[in-house]
Amino acid sequence: MGQHPPGQPEKRGPSSLFIFSEDNVVRRYTRFIIEWPPFEYAVLLTIIANCVVLALEEHLPHGDKTVLARQLETTETYFLGIFCVEASLKILALGFVLHRGSYLRNIWNIMDFFVVVTGFITLIPTKSLDMDLRTLRAIRVLRPLKLVSGIPSKTRALFQLIIAMTFKY
């Protein structure tokens, strides 16, 4: 710890998950990773690939599935894993929720977290439960919205469109 004036408490930055201080090596490396352009591009490419998979999905009556639909269904676990790793790295680097600039203080991260959590909920086996959680998979369509998150003018236009649609109907 550095020197501080006598009689005054030492000032420290907010910790991540009450474990990692600002200068902790784990937190520094995760911050480097999430701000590294190739990581950001990899996440965007994953979102685009997920959009393609979502576009190719077919929903037939009575739960029937084509061969392609069954194959595409297996990719959801991989996409969920990638998005979970992204969220975990950001939570480690930024902190979870308690301080300014933390993970859940950003609207796009809230959306990502919601999509990841609902993705895990859909993996719960429902045969013993009398409910169908597959409808929660529809929330995955929110992922493509993240593509516009890096472009402020597109983000503003998207929010204005949402507001206009909300008040119109």
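Remember, predicted model here, so these are calculated numbers, not experimental data.

1. Looking at the overall build of the chain
Reasoning step 1: Along the chain, the regular secondary structure elements total 5 helices and 0 strands.
Reasoning step 2: The helix and strand sequence of the chain, counted from the amino end, reads α-α-α-α-α.
Reasoning step 3: Residue burial in the chain is summarised as follows: out of 169 residues, 28% are buried.
Reasoning step 4: The contacts of the chain with a sequence gap of at least 6 include a subset with a gap of at least 24, amounting to 57%.

2. Digging into the UniProt feature "transmembrane region" (unreviewed entry) in the chain
Reasoning step 1: UniProt records the feature "transmembrane region" (unreviewed entry) at residues 77-97 and 103-124, using the numbering of this structure.
Reasoning step 2: Secondary structure across residues 77-97 divides into 86% helix and 0% strand, with the first and last C-alpha atoms of the span separated by 26 Å.
Reasoning step 3: Helix makes up 73% of residues 103-124 and strand 0%, with an end-to-end C-alpha separation of 26 Å.

3. Concerning helix H2 (residues 37-56)
Reasoning step 1: Under the 1.5 Å per step criterion, the end-to-end length of H2 is 29 Å for 20 residues, consistent within 8% with the ideal 28 Å.
Reasoning step 2: Residues of H2 that are buried: Phe39, Val43, Thr46, Ile47, Asn50, Val53 and Leu54. One side of H2 carries all its buried residues, which in axial view fall inside an arc of 120°. Residues of H2 that are exposed and point over 90 degrees away from its buried face: Tyr41, Leu45 and Ala55.

4. Notes on the environment of valine 53
Reasoning step 1: Mapped onto the elements of the fold, valine 53 is located in helix H2.
Reasoning step 2: With 16 residues separating them along the chain, valine 53 and alanine 69 place their C-alpha atoms 9.2 Å apart.
Reasoning step 3: Not counting residues within four places of it along the chain, the set of residues in contact with valine 53 comprises Leu72, Thr75 and Phe79.

5. Overview of the side chain of lysine 90
Reasoning step 1: Along the chain, lysine 90 turns up in helix H3 (residues 67-94).
Reasoning step 2: Not counting residues up to four positions away in its chain, the partners in contact with lysine 90 are Ile34, Gly95, Tyr103, Asn109 and Lys146.

6. Some points on the packing of aromatic side chains
Reasoning step 1: Under the definition given, this model contains 3 aromatic pairs.
Reasoning step 2: Plain terms: the ring middles of phenylalanine 32 and tryptophan 36 are 6.2 Å apart, the flat faces sit at 25° to each other, and that makes the pair stacked.
Reasoning step 3: Among the residues examined, tryptophan 36 registers a relative accessible area of 43% and is labelled partly exposed.
Reasoning step 4: Ring geometry for tyrosine 103 versus phenylalanine 113: centroids 6.3 Å apart, planes at 80°, classification edge-to-face. With tyrosine 103 in the loop between H3 and helix H4 (107-122) and phenylalanine 113 in helix H4, the pair connects residues that are 10 residues apart, well separated along the chain.
Reasoning step 5: Taking relative accessible area as the criterion, tyrosine 103 reaches 1% and is therefore assigned buried.
Reasoning step 6: Through a chain of ring-to-ring contacts, three or more aromatic side chains come together here, namely Phe96, Tyr103 and Phe113.

Reading guide: rules and limits
- Residues numbered from 1 in each chain as written.
- Predicted model: local features only at pLDDT ≥ 70, side-chain atom pairs only at ≥ 80, totals over all residues.
- Heavy atoms only, no water.
- Helix = DSSP H or I, 4+ residues; strand = E, 2+ residues; numbered from the N terminus.
- Buried < 20%, exposed > 50% of the residue type's maximum accessible area, 1.4 Å probe, protein only.
- Contact = heavy atoms within 4.5 Å.
- UniProt positions renumbered as here; feature names shortened; annotations may be inferred.
- Expected span 1.5 Å × (residues − 1).
- Arc of directions from axis to C-beta.
- Phe/Tyr/Trp six-rings, centres within 6.5 Å; stacked < 30°, edge-to-face > 60°.

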